[in-house]
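Each chain, written out:
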Amino acid sequence: MKKENIYKLLYIVATLLVVGFAIAFGVDAYKYNTGGYLGSAPLYAYALVDAVEYLLPSLAFFVAGLIFKKKFSSKNSTAEKEN
């Protein structure tokens, strides 16, 4: 994989983490509503835990993707201007 395309991989990982959050929270909400989590924390606590577990790393991967894209696009544009 070229260094110029690393940002695409980072975007894919960020997207997969968002999908993972949706699935994990959906399972938690289903179990919470069916009584699988009797006597435990409120549903928003599960949402908060899932958000920290999935959305925070997703945000980090997305920002890293933006940085890589900007870094390599500026190098490519300067190289094209020199030629």
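Heads up: these notes are all about the structure in this document. Only a predicted model underlies this, so the values are computations on that prediction, with no experimental measurement involved.

1. Describing the overall build of the protein chain
Line of reasoning, step 1. Looking only at helices and strands, the protein chain has two helices and zero strands in total.
Line of reasoning, step 2. Contacts in the protein chain between residues far apart in sequence, at least 24 positions, make up 69% of those at least 6 positions apart.
Line of reasoning, step 3. Accessible surface for the protein chain amounts to roughly 6200 Å². Of this, 68% is attributable to carbon and sulfur atoms.

2. Points about helix α1 (residues 6-33)
Line of reasoning, step 1. A rise of 1.5 Å per residue sets the reference length of α1, with its 28 residues, at 40 Å; its end C-alpha atoms lie 41 Å apart and thus fit the reference within 8%.
Line of reasoning, step 2. Residues of α1 that are buried: Tyr7, Leu10, Ala14, Leu17, Gly20, Phe21, Ala24, Asp28 and Ala29.
Line of reasoning, step 3. After α1 finishes, the residue Gly35 shows a positive phi value of roughly 90°.

3. Describing the environment of Glu53
Line of reasoning, step 1. With respect to the element layout, Glu53 can be found in helix α2 (residues 43-82).
Line of reasoning, step 2. Classification of Glu53 by relative accessible area gives partly exposed; the value is 46%.
Line of reasoning, step 3. Taking the C-alpha atoms as reference, Glu53 lies 8.0 Å from Phe21; in sequence the two are 32 residues apart.

4. So, the packing of aromatic side chains
Line of reasoning, step 1. Summed over the entire model, instances satisfying the criterion amount to five aromatic pairs.
Line of reasoning, step 2. Between Phe68 and Phe72 the ring centres are 6.1 Å apart and the planes differ by 25°, which places this aromatic pair in the stacked class. A residue pair is termed a helical-turn pair when its members lie 3 or 4 positions apart in one helix, as Phe68 and Phe72 do in helix α2 at four residues.
Line of reasoning, step 3. For Phe68, a relative accessible area of 30% corresponds to the partly exposed category.
Line of reasoning, step 4. The exposure class of Phe72 is buried, given its relative accessible area of 11%.
Line of reasoning, step 5. One aromatic cluster is present, built from ring pairs that chain together Tyr7, Tyr11 and Phe62.
Line of reasoning, step 6. Sitting above the plane of the Phe72 ring, Lys71 keeps its charged end 5.7 Å from the centroid.

The rules behind the values
- Residues numbered from 1 in each chain as written.
- Predicted model: local features only at pLDDT ≥ 70, side-chain atom pairs only at ≥ 80, totals over all residues.
- Heavy atoms only, no water.
- Helix = DSSP H or I, 4+ residues; strand = E, 2+ residues; numbered from the N terminus.
- Contact = heavy atoms within 4.5 Å.
- Areas by Shrake-Rupley, 256 points an atom, 1.4 Å probe, with all protein chains shown as cover.
- Expected span 1.5 Å × (residues − 1).
- Buried < 20%, exposed > 50% of the residue type's maximum accessible area, 1.4 Å probe, protein only.
- Phe/Tyr/Trp six-rings, centres within 6.5 Å; stacked < 30°, edge-to-face > 60°.
- Lys NZ or Arg CZ within 6 Å of the ring centre and 35° of its normal.

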